[in-house]
Amino acid sequence: MLGTLIALLGLVFILLLMGVRVVRQGYVYTIERLGKFTLAAEPGLHILIPFFDRVGHKVNVMEQVLDIPGQEIITRDNAMVGVDAIVFFQVLDAGKAAYEVSNLYVAIMQLTTTNLRTVMGSMDLDETLSKRDEINAKLLSVIDHATSPWGVKITRIEIKDIRPPADISNAMARQMKAEREKRANILEAEGFRQAEILKAEGEKQSAILSAEGRKEAAYRDAEARERSAEAEARATQVVSEAIATSGTQALNYFVAQKYTEAVTAFATSPNAKTILFPVEATQLIGSIGGIGELVRDALGTKEG
């Protein structure tokens, strides 16, 4: 009797162990009861009914990366290019991922491959090389929509590498070299052009300033000559008025003054050792005598 009880307890313990399931973090287990999906077990401890419940699929719900094998694609302009891509996806509904599609990874890979051919096949070679972001966006939209019934979210699709044919690569390298040489020549010519423009502008400014200087100098010279002429005219007017008032006496005075200044200049010259008076010296003496007369008359008039 005791042995039977122990055997029954052991059987119950074994059954309990058979019904205990621990789901790891990052996974969701699908539970099938009598072959039918009934529960998506989240991470943690779960108790199943032995012989009735069993784990159907262990679904990874972390974000995963699927490498798309390299393939040859013919573009719209009949160029053959090799393409590699990767797909980032995450399972949002473990039940759909387990039972709506037979092999999730193969299905996503085949779906990506066919759509990659479709998208890149509708573009020219230059577009496939320069519009990777556009290709990624188109693929993401199409594949995410197609995998939505499978409980999968496509987060990103990236084109890893695009390999054009060797002859096209060589032609592109020569084209790039020619384009760079063209830009270098354009920049060099533009530099020479700017230098010539600046040089011509500098010469123009120099000529303008030189002409302005000559104009200003001419204006100053003309103004000086005008002032000199005015002074000369004023002096002449004063002399004329004096002559008109005093007659020959004023005239003799002015002549004697100029003559005396001339003789003084000869006498103070550093090279003059001997001064020869011309015959007109007697006239100078006479003029000086006339000056004396004028002075005496003036003084006499003042005293009277």
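Here, the structure is the one placed above.
Not measured: the values here are computed from a predicted model.

Colleague: In this structure, what is going on with the side chain of Asp-84? I would like to understand it.
Modeller: Note that Asp-84 resides in strand β7 (residues 80-91). When its relative accessible area of 18% is taken as the criterion, Asp-84 is described as buried. Here Gly-70 takes part through its backbone nitrogen, which lies 3.2 Å from a polar atom of the side chain of Asp-84. Dropping the residues within four chain positions of it, Asp-84 is found in contact with Ile-68, Pro-69, Gly-70, Gln-71, Glu-158, Ile-159, Lys-160, Asp-161 and Arg-163.

Colleague: What is the right way to look at the packing of aromatic side chains in this model?
Modeller: Think of a pair of aromatic rings as described by two things: how far the centres are apart, and how the planes are tilted against each other in angle. Inspection of every chain in the model, using the stated rule, returns two aromatic pairs. The interplanar angle of 45 degrees and the centroid separation of 5.2 Å between the aromatic rings of Phe-37 and Tyr-99 together place this pair among those described as tilted. Here Phe-37, found in strand β3 (residues 36-41), pairs with Tyr-99, found in helix α2 (residues 94-99); they are 62 residues apart in sequence, far enough to count as distant. Exposure remark for Phe-37: the relative accessible area of 34% places this residue in the partly exposed category. Judged by centre distance (5.9 Å) and plane angle (70 degrees), the ring pair of Phe-89 and Tyr-105 falls under edge-to-face. Here Phe-89, found in strand β7, pairs with Tyr-105, found in helix α3 (residues 104-121); they are 16 residues apart in sequence, far enough to count as distant. With relative accessibility at 0%, the residue Phe-89 sits in the buried group. Its guanidinium or amino end placed over the ring of Tyr-27, Arg-24 lies 4.6 Å from that ring's centre, counting from NZ or CZ.

Colleague: How should I be thinking about the sheet that holds β7 in this particular structure?
Modeller: In a beta sheet, neighbouring strands pair by backbone hydrogen bonds and run either parallel or antiparallel. Here we have three strands laid out as an open sheet, ordered β6-β7-β8, and antiparallel in their pairing. A single partner strand is all that each edge strand has here, and the edge strands are β6 (64-74) and β8 (152-163). Neighbour to neighbour, the strand axes of the sheet diverge by 20 degrees on average, direction disregarded. As judged from the nine bridges shared by β6 and β7, these two strands associate in the antiparallel manner. Bridge pairing in β7 places Ile-73 opposite Val-81. Sitting on the sheet, α3 touches β6, β7 and β8, and the angle it makes with β6 is about 40 degrees.

Colleague: Explain the pattern of salt bridges here, please?
Modeller: Under the defined criterion, the tally for this structure stands at 16 salt bridges. Among the ionic pairs, Glu-134 bridges to Lys-138, the shortest N-O distance being 3.4 Å. On the criterion of helical spacing, the pair formed by Glu-134 and Lys-138 is a turn pair, its members being four residues apart in helix α5 (residues 132-147). With relative accessibility at 33%, the residue Glu-134 sits in the partly exposed group.

Colleague: Would you mind going over the layout of surface pockets with me for this structure?
Modeller: Unfilled space is identified by rolling a water-sized probe across the atoms. Roughly 180 Å³ of internal volume is contained in the largest pocket. Val-59, Ala-97, Ala-98, Leu-104 and Tyr-105 are, among the 13 residues lining the largest pocket, the residues nearest its centre. Of all the elements in the fold, those that place two or more residues in the lining of the largest pocket are β5 (53-60), α2 and α3. In terms of residue count, β5 provides more of the lining of the largest pocket than any other element does, four residues in total.

Colleague: Please explain the pairing of β7 as it appears in this structure.
Modeller: For a regular strand, side-chain orientation follows a simple rule: the groups alternate between the two sheet faces. By the criterion of burial, β7 is predominantly enclosed, with 10 of the 12 residues buried. The pairing of β7 with β8 spans 10 bridges and is classified as antiparallel. Within β8, the position partnered with Ile-86 by the bridge is Glu-158.

Colleague: Sorry if this is basic, but what is going on with unusual backbone geometry here?
Modeller: Glycine aside, residues mostly have negative phi angles, and peptide bonds mostly take the trans form. Its identity as a non-glycine residue notwithstanding, Leu-34 has a phi of 55 degrees, on the positive side. Owing to a relative accessible area of 65%, Leu-34 belongs among the exposed residues under this scheme. One non-glycine residue, Phe-51, lies in the positive phi region at around 70 degrees. Residue position: Phe-51 is located in the loop between β4 (44-47) and β5. Note on Phe-51: relative accessible area 68%, which makes it exposed.

Cut-off values and rules
Residues numbered from 1 in each chain as written. Predicted model: local features only at pLDDT ≥ 70, side-chain atom pairs only at ≥ 80, totals over all residues. Heavy atoms only, no water. Helix = DSSP H or I, 4+ residues; strand = E, 2+ residues; numbered from the N terminus. Buried < 20%, exposed > 50% of the residue type's maximum accessible area, 1.4 Å probe, protein only. Polar contact = N/O pair within 3.5 Å; in protein donor to acceptor, adjacent residues only side chain to side chain. Contact = heavy atoms within 4.5 Å. Phe/Tyr/Trp six-rings, centres within 6.5 Å; stacked < 30°, edge-to-face > 60°. Lys NZ or Arg CZ within 6 Å of the ring centre and 35° of its normal. Pairing = 2+ DSSP bridges. Axes fitted to C-alpha atoms, helices over the stretch in contact; angles between N-to-C directions. Salt bridge = Lys/Arg side-chain N within 4 Å of Asp/Glu carboxyl O. 1 Å grid on protein atoms, 1.4 Å probe; cavity = no way out; pocket = protein on both sides within 12 Å on 5 of 7 lines; lining within 4 Å. Points joined across faces, edges and corners; volume = space filled by probe spheres on them.

Function cannot be read off these values alone, since they describe shape.
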